[in-house]
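Residue-level structural notes
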Amino acid sequence: MVDTESLVAVLPELLLVMFAIVIPAIGLGTKDSRILGFTALAGIALAAVGPALQILEDRNAVFFPSDTGLLVLDQFSALFMLIFLSVAFYVVLASIYFTKDDKHQPEYYTLILLATAGMMVVASATDLFVLFVGIELTSLSSYALVAFRKKDVKGAEAATKYFIIGGLSSGFALFGISLIFGVTGTTDFTLMNEWLIANPYPNDLVPVVWLAMIMIVVGFGFKIAMVPFHMWAPDVYEGAPTTITAMLAAGSKKMGFVALFKLFFIGLIAIKADWEFLIAIMAILTMTVGNLMALNQTNIKRMLAYSSIAQAGYILIAIPVATDYALAGGIFQILTHAFMKGGAFIVVATLATVAVGESINSYKGLGKRSPFLALAMTIFLFSLAGIPPLAGFASKFFLFWAPIQAATDTGADWLIWLSVAGIINSAISLFYYVRIVKYMYVEKGESEDKLVISKTMMAAVAICLILTVVIGIYPGPFYDACWNAAQALLSYSVPLP
Amino acid sequence: MSVEFTTGIPLSWFLLVSATLFTIGVIGILVKRNAIVILMSIELMLNAANINFVAFSAYYDLPMGQVFAMFSIGLAAAEAAVGLAILLNLNRLKDTVHVDDLNIMRW
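A brief structural summary. Just so you know, these numbers come straight off a predicted model, no measurement behind them. (Residues numbered from 1 in each chain as written. Chains lettered and ligands numbered in written order. Predicted model: local features only at pLDDT ≥ 70, side-chain atom pairs only at ≥ 80, totals over all residues. Heavy atoms only, no water.)

**Observations regarding the overall build of chain A**
The helix and strand inventory of chain A stands at 21 helices and two strands. Projected onto its principal axes, the C-alpha coordinates of chain A cover approximately 70 × 55 × 40 Å. For chain A, with 497 residues in total, the buried portion stands at 64%. Partitioning the intrachain contacts of chain A with sequence separation of at least 6 by distance along the chain shows that 81% fall at a separation of at least 24. Accessible area for chain A stands at about 16,500 Å²; split by element, carbon and sulfur atoms hold 69% of it. Side chains of chain A give 27 positive and 31 negative charges; the mean places of these two sets differ by 16 Å. (Helix = DSSP H or I, 4+ residues; strand = E, 2+ residues; numbered from the N terminus. Buried < 20%, exposed > 50% of the residue type's maximum accessible area, 1.4 Å probe, protein only. Contact = heavy atoms within 4.5 Å. Areas by Shrake-Rupley, 256 points an atom, 1.4 Å probe, with all protein chains shown as cover. Lys, Arg positive; Asp, Glu negative; His and termini not counted. Charge placed at Lys NZ, Arg CZ, Asp CG, Glu CD.)

Shown next, in the form of structure tokens:
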């Protein structure tokens, strides 16, 4: 049963939840956001020890060994835990100054830690229902976080929209899960796949699996803002407090991808022929709609939200290609996107604390007013567009190369169109990214005053900046980690007969 | 347990009820404009899934189904709590819970 060995697999989540409970207790004594924030940071750092050791030493831990376990700590889940924890780390670091004048500080940090714990449960789940519980934990915490500023009408509106859409998507996903459970008698990904191999198509029940699959894709598709389920994302990203927007874009959206990866690469790999076209079309639609809508946005958070939708389209390429290269490329893109998009949002948050608005016009002349933030923003935007030698280029290179490689290996030539669509879209996206850079450096702003920026927020930006540059120049070890993660995930899927 | 059930109401009836509930829930979300009614429709969708879990659990002798149903009842309760809090705050700020009035942010 539950011994210390298997407890290792849930220790990171347990630590986070423990700190999430301790922080309100500390909040009874002090209202200082620095003490609360640094306690949260300590919790995040402690929770990162387990996954970091796993990456280095590679000895897997399984919690609650039933047939295949409910939660595992392997290379895949450890890598994603580290991604989620580092997102939580820089978000909390930036929040210490960003929320210093708000009420209800302890709840804010508690909810961030709980949301991160939910993402980590998703990363380590081997069972569809456990994964769903993790998604709900994150979603419920983030609904509350979006509405964190109670007097902010925009935040209240965004939270309502987020909650309604989130509830709808949970309903779809749960109904799909219940159908899968009824048909296959299990919600474990590996056993699900074994059932599908044992009962191939002419079986009457397989159409029910298709129905369930579509419902789950709708449910998870809302979470990752896949077109046509993306309408909520720009509103919520715009209305939420900007540090929370960073967490939604860099953390909870990635959680949806982890869920889809597990569903398609382990659970439903046996019926790949039935879903590859569907997901491929969704991927191309998502990136195209995201980029086209981003072109004429005037609010920077909205523009970044649409760019985030486009990035989701790129990552979706990994699913229909379904080779280990594609999966590793997808994971690598998630890794880099977590830092470049999160970093861009943190820059927006930092500027908001010194009264620079969200309209892109207020970014005019920023290069003179705050050289560091303007440089950071430029690097994040160029990295998002995929310009070498930044992280976004490295990950896009691996991701777009995978379909071509798969097409030459398997002869499925249509896969090449995924790469073509991705490259064309990257070119389109350059247009709106460069516009911001031009505003910052070329155009003259209304004000020329130097901006004085808090040190903790500067540190949060610097973390993202350093990682974006380092991954771009020296992608080797990071790609290796993604490659090992991909192998760990694929080791659960039963090879086709 | 499964034997006792199979002689009574067939499984398909349960599935029919849950599918109907689910459809009512989806239509409710799409058609109704009052956020509280939408919240109720979301609960309907989750409960439809619960009926499925329990029915499958009884007919195929899968005890996990009932565990799942209990977990999802807990989740639905938590969701309602967070949702009502958000709607309460919205009502306090804008004096409405009509989703058509949520129009500060467009495109």
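**Here's the deal with the state of the cysteines**
All names here are of chain A. Scanning the entire structure with this criterion turns up zero disulfides over all chains. Sulfur of Cys-464: no disulfide; nearest cysteine sulfur belongs to Cys-482 and is 17 Å away. Overall, the relative accessible area of 0% leaves Cys-464 in the buried class. (Disulfide = S-S within 2.5 Å.)

**What to know about helix α5 (residues 105-124) of chain A**
Look at α5(A): 29 Å from first C-alpha to last across 20 residues, which is about the 28 Å you get at 1.5 Å a residue. With 17 of 20 residues buried, α5(A) lies mostly within the body of the structure. (Expected span 1.5 Å × (residues − 1).)

**Some remarks on helix α6 (residues 128-146) of chain A**
Spacing of three or four residues puts side chains on the same side of an α-helix, whose turn is 3.6 residues. Residue and element names in this part refer to chain A. Taking 1.5 Å as the rise per residue, α6 with 19 residues should run 27 Å; its terminal C-alpha atoms sit 27 Å apart, in good agreement. Counting buried residues along α6, 16 of its 19 residues qualify, which places the element largely inside the surrounding structure. The distance from a side-chain oxygen at the start of α6 to the backbone nitrogen of Phe-129 is 2.8 Å, and the residue carrying that oxygen is Asp-127. (Polar contact = N/O pair within 3.5 Å; in protein donor to acceptor, adjacent residues only side chain to side chain.)

**What about a positive patch on the surface?**
Side chains of Lys103(A), Lys150(A), Lys151(A) and Arg92(B) sit close together on the surface and give a patch of like positive charge. Here Lys150(A) lies in the loop between α6 and α7 (153-184). (Patch = residues over 30% accessible without salt bridge, like charges linked within 9 Å, V, L, I, M, F, W, Y side chains within 5 Å. Salt bridge = Lys/Arg side-chain N within 4 Å of Asp/Glu carboxyl O.)

**With respect to the interface of chain B and chain A**
With 43 residues of chain B at the interface, the matching set in chain A holds 45 residues. Surface buried jointly by chain B and chain A totals about 3,700 Å² across both partners, of which 81% is contributed by carbon and sulfur atoms. Linking chain B with chain A are one salt bridge. Between Lys94(B) and Glu157(A) there is a salt bridge; the shortest N-O distance is 3.7 Å. Counting across the chain B and chain A interface gives four residue pairs in polar contact (both at pLDDT 80 or more). (Buried area = accessible area lost by both parts, 1.4 Å probe.)

**Some thoughts on the packing of aromatic side chains**
Taken as a whole, this structure holds 35 aromatic pairs over all chains when the rule is applied. Considering the side-chain rings of Tyr108(A) and Tyr109(A), the 5.3 Å spacing of their centres and the 90° angle between planes classify their relative orientation as edge-to-face. An identical accessibility class is assigned to Tyr108(A) and Tyr109(A); each is buried. Their ring planes at 75° and their centres at 5.8 Å tell us that Phe261(A) and Phe265(A) sit as a pair that is edge-to-face. Residue Phe261(A) and its partner Phe265(A) are both found in helix α11 (residues 242-267); the two are separated by four residues, about one turn of the helix. Residue classification places Phe261(A) among the buried positions, given a relative accessible area of 0%. Phe265(A) sits in the buried class, given a relative accessible area of 1%. Pairwise contacts between aromatic rings join Phe129(A), Phe132(A), Phe181(A), Phe53(B), Phe68(B) and Phe71(B) into one cluster. If you follow Lys364(A) out to its NZ or CZ, it ends over the ring of Tyr439(A), 5.2 Å from the centre. (Phe/Tyr/Trp six-rings, centres within 6.5 Å; stacked < 30°, edge-to-face > 60°. Lys NZ or Arg CZ within 6 Å of the ring centre and 35° of its normal.)

**Quick word on the side chain of Gln333(A)**
Residues and elements named next belong to chain A. Of note, Gln-333 is situated in helix α15 (residues 324-353). On the accessibility criterion, Gln-333 (0% relative accessible area) is buried. Contacts of Gln-333, omitting those with residues within four sequence positions, involve Gln-311, Tyr-314, Ile-315, Met-340, Ser-395, Lys-396 and Leu-399.

**Some remarks on unusual backbone geometry**
Residue Pro228(A) is reached from Val227(A) by a cis peptide bond, and omega for that bond is 10°. Checked against the element boundaries, Pro228(A) lands in the loop between α9 (206-224) and α10 (232-239). Of note in the backbone geometry, His104(A) takes a positive phi value of approximately 60° without being a glycine. On the secondary structure map, His104(A) appears in the loop between α4 (75-98) and α5. A relative accessible area of 40% means that His104(A) is categorised as partly exposed. In the Ramachandran plot, Asp95(B) falls in the positive-phi region, its phi being about 60° despite a non-glycine side chain.

**Let's talk about the side chain of Ser252(A)**
Residue and element names in this part refer to chain A. Summarising the element assignment, Ser-252 is placed in helix α11. Within polar-contact distance, the side chain of Ser-252 engages the backbone oxygen of Leu-248 at 3.3 Å. Ignoring sequence-local partners within four residues, the contact set of Ser-252 consists of Met-119, Thr-138, Tyr-162 and Met-247.

**Quick notes on the pattern of salt bridges**
Residues and elements named next belong to chain A. Counted under the stated rule, the structure contains 14 salt bridges over all chains. We note a salt bridge from Glu-238 to Lys-154, for which the minimum N-O separation is 2.9 Å. Here Lys-154 lies in helix α7 and Glu-238 lies in helix α10, a separation of 84 residues in the sequence. A relative accessible area of 8% means that Glu-238 is categorised as buried.

**A look at the environment of Thr408(A)**
Residue and element names in this part refer to chain A. Examined against the element boundaries, Thr-408 turns out to sit in helix α18 (residues 391-410). Separated by 266 residues in sequence, Thr-408 and Ser-142 place their C-alpha atoms 43 Å apart. A polar atom in the side chain of Thr-408 sits 3.0 Å from the backbone oxygen of Ile-404. Here Gln-405 takes part through its backbone oxygen, which lies 2.7 Å from a polar atom of the side chain of Thr-408.

**Description of the nonpolar core**
The biggest cluster of nonpolar side chains holds 232 residues, and the ones touching the most others in it are Phe261(A), Phe264(A), Leu268(A), Leu304(A) and Ile331(A). Not counting chain neighbours up to four residues away, the residues in contact with Phe261(A) comprise Ile266(A), Ile315(A), Ala318(A), Ile319(A), Leu327(A), Ile331(A), Ile334(A) and Leu489(A). (Core = buried A, V, L, I, M, F, W, Y, C linked by side-chain atoms within 4.5 Å.)

**Re a nonpolar patch on the surface**
Residue and element names in this part refer to chain A. Among the surface-exposed residues, Ile-404, Ile-416, Trp-417, Val-420 and Ile-424 lie close enough to one another that they form a single nonpolar patch of about 450 Å² accessible area. No other element matches helix α19 (residues 416-441), which puts four residues into the nonpolar patch. Assignment of secondary structure puts Ile-424 in helix α19.

**Section: the packing of α15(A) against α18(A)**
All names here are of chain A. Contact pair α15 / α18: the axes reach a minimum separation of 8 Å and the direction vectors enclose 160°. It follows that α15 is roughly antiparallel to α18 by the angle criterion. Of the two possible hands of crossing, α15 and α18 adopt the one that is left-handed. Residues Tyr-325, Ala-326, Gly-329, Gly-330, Phe-332, Gln-333, Thr-336 and Met-340 of α15 form the contact with α18, whose own contacting residues are Ala-391, Gly-392, Ala-394, Ser-395, Lys-396, Phe-398, Leu-399, Trp-401, Ala-402 and Gln-405. (Axes fitted to C-alpha atoms, helices over the stretch in contact; angles between N-to-C directions. Parallel < 35°, antiparallel > 145°, perpendicular 65-115°, else oblique. Left-handed = near helix turned anticlockwise from the far one by under 90°.)

In short, shape yes, function no, at least from these values alone.
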